[in-house]
There are 2 protein chains.
Amino acid sequence: MRIGELAKKAGCGADTVRYYEREGLLPPPGRSEGNYRLYDAGHLARLAFIRNCRALEMSLGEIRTLLGVKDGGGADCSGVTALLDAHIGHVDERIARLAALREQLAGLRERCCGVTPVADCGILQGLAEGGGEAAAGGGRKCLGDAGSLCGREAG
Amino acid sequence: MRIGELAKKAGCGADTVRYYEREGLLPPPGRSEGNYRLYDAGHLARLAFIRNCRALEMSLGEIRTLLGVKDGGGADCSGVTALLDAHIGHVDERIARLAALREQLAGLRERCCGVTPVADCGILQGLAEGGGEAAAGGGRKCLGDAGSLCGREAG
DNA sequence: AGACACCTTGGAGCAACTCCAGGGTCAAGC
DNA sequence: GCTTGACCCTGGAGTTGCTCCAAGGTGTCT
Ligand SMILES: [Zn+2]
Ligand SMILES: [Zn+2]
Ligand SMILES: [Zn+2]
Ligand SMILES: [Zn+2]
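Model, not experiment: these values are computed from the prediction.

## Quick look at the overall build of chain A
Inference 1: Counting secondary structure elements, chain A contains six helices and two strands.
Inference 2: When the helices and strands of chain A are listed from N to C terminus, the series reads α-α-β-β-α-α-α-α.
Inference 3: Counting the 155 residues in chain A, one finds 41% classified as buried.

Structure, rendered in structure tokens:
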């Protein structure tokens, strides 16, 4: 099958498939006479694996590691469970951070009902002072960029 | 004060301050004879505001909107509460998605204890089939990119 | 005079795509 | 035979919010 059909079956775009090929996650397929990429069921299975991992928000680095084990990178699958445990840790960290954030935002939200002149808005004041309720000191360090789920470890 | 001191007081890097200036969130400050940027307390307050918003994971677009209201873009602060409510919605959506993900990952994790030959690993099988337990049909659509907190609306 | 810390600009790089321009391929229809 | 249209190719730019770098200028201390 050609790239469009493969992508449709996997639920992603053709650009994404080409991107995975460039990144080395999908092997370069054969080509037709007209230079079209031609895929088989093996390619589809591999792409579906990748998309399933992405749906679980694994990074491409983590997926690369899993594929490496799958392709014969170890006798047992201890690396798989280790990676999965680490990734669950990533998700847990992110949930914990967002839950704390949500608390702060709720506290901030209570500081105004939305009909105040801008100069008196308790929300804007809260944001000027330090966010929600965890604000106390003066020159405290801002929270870093704990935004991305998966750090730099599975390489 | 110069950019380094400002950045330190706000808990970010000098590059970040210059970036905010390029993005129009911070006004261009005065310059010294030697062409150094010179900031005052007003700049620091504005930068602290921005960093507090970022600590709550608002997007720069959302922050731009808030600053617009602050700079005199409305009679009352209803826009502020609306934006905050929307952002709380962003956080809630993300938390809900991650909680579901976490369930799926836990289900997947149970499928192997890590001492199996790679070919028999229940985790790898689960990832090939469809993720965790929400896998049933054949050619289902992959979950999209609900990764970023704040969509495209506050412009 | 030299060392050192700090500043300037412009540009590249990150993750994981997504979109586009400018062109090639192929089957169907007239 | 020729056009239409769907599909494909490559290479490059854009997204978000920074972060790092090179190459050079400034300011203070010794
Ligand atoms: Zn992870
Ligand atoms: Zn208000
Ligand atoms: Zn938001
Ligand atoms: Zn296993």
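Still to come is the rest of the account.
## Focus on the coordination of the zinc ion (ligand 4)
Inference 1: Every protein donor of the zinc ion (ligand 4) is listed here as Cys 77 of chain A (SG), Cys 112 of chain B (SG) and Cys 121 of chain B (SG), and their distances to the metal cover 2.0 to 2.2 Å. Placement of Cys 77 of chain A in the loop between α4 (60–70) and α5 (78–109) and of Cys 121 of chain B in the loop between α5 (78–109) and α6 (122–129) is noted, with the two residues assigned to different chains. Both residues of the pair, Cys 77 of chain A and Cys 121 of chain B, count as buried.

## Overview of the relation of the copies chain B and chain A
Inference 1: Superposition record for chain B on chain A: RMSD 0.0 Å, screw rotation 180°, translation along axis 0.0 Å. As the rotation angle and translation indicate, the two copies are arranged about a two-fold axis. Measuring from the rotation axis to each C-alpha of chain B, the shortest distance belongs to Ile 95 of chain B, at 3.0 Å.

## Some words on the coordination of the zinc ion (ligand 2)
Inference 1: Coordination of the zinc ion (ligand 2) by the protein involves Cys 112 of chain A (SG), Cys 121 of chain A (SG) and Cys 77 of chain B (SG), with metal-donor separations of 2.0 to 2.2 Å. Of this pair, Cys 112 of chain A sits in the loop between α5 and α6 (122–129) while Cys 77 of chain B sits in the loop between α4 (60–70) and α5, placing the two residues on different chains. Side by side, Cys 112 of chain A and Cys 77 of chain B carry an identical accessibility label, which is buried.

## Considerations on the side chain of His 90 of chain B
Residues and elements named next belong to chain B.
Inference 1: Here His 90 is to be found in helix α5.
Inference 2: For His 90, a relative accessible area of 6% puts it in the buried group.
Inference 3: Side chain to side chain, His 90 and Glu 62 meet in a polar contact 3.1 Å long.

## Digging into the interface of chain B and chain A
Think of interface size as the accessible area that goes away when the parts come together; that is how it is often given.
Inference 1: Chain B puts 58 residues into the contact, and the matching count from chain A is 58 residues.
Inference 2: Buried surface at the junction of chain B and chain A, summed over both partners, amounts to about 4800 Å²; 70% is from carbon and sulfur atoms.
Inference 3: Between chain B and chain A we count eight salt bridges in total.
Inference 4: Between Asp 85 of chain A and Arg 109 of chain B there is a salt bridge, and its shortest N-O distance comes to 2.5 Å.
Inference 5: Between chain B and chain A we count 14 residue pairs in polar contact (both at pLDDT 80 or more) in total.
Inference 6: Listing elements by their share of the side of chain B that touches chain A, those giving two or more residues are α1 (3–10), α3 (41–55), α4, α5 and α6 of chain B.
Inference 7: The element that contributes the greatest number of residues to the side of chain B that touches chain A is α5 of chain B, accounting for 21 residues.

## A closer look at the UniProt feature "domain: HTH merR-type" (unreviewed entry) in chain A
Inference 1: Under the local residue numbering, the UniProt record ascribes the feature "domain: HTH merR-type" (unreviewed entry) to residues 1–69 of chain A.
Inference 2: Helix makes up 61% of residues 1–69 of chain A and strand 6%, whereas the separation of the span's terminal C-alpha atoms amounts to 27 Å.

Rules used in this analysis
- Residues numbered from 1 in each chain as written.
- Chains lettered and ligands numbered in written order.
- Predicted model: local features only at pLDDT ≥ 70, side-chain atom pairs only at ≥ 80, totals over all residues.
- Heavy atoms only, no water.
- Helix = DSSP H or I, 4+ residues; strand = E, 2+ residues; numbered from the N terminus.
- Buried < 20%, exposed > 50% of the residue type's maximum accessible area, 1.4 Å probe, protein only.
- Donors = N, O, S within 2.8 Å, 3.2 Å for Na, K, Ca; no water.
- Least-squares fit on C-alpha atoms with pLDDT ≥ 70 in both.
- Polar contact = N/O pair within 3.5 Å; in protein donor to acceptor, adjacent residues only side chain to side chain.
- Contact = heavy atoms within 4.5 Å.
- Buried area = accessible area lost by both parts, 1.4 Å probe.
- Salt bridge = Lys/Arg side-chain N within 4 Å of Asp/Glu carboxyl O.
- UniProt positions renumbered as here; feature names shortened; annotations may be inferred.

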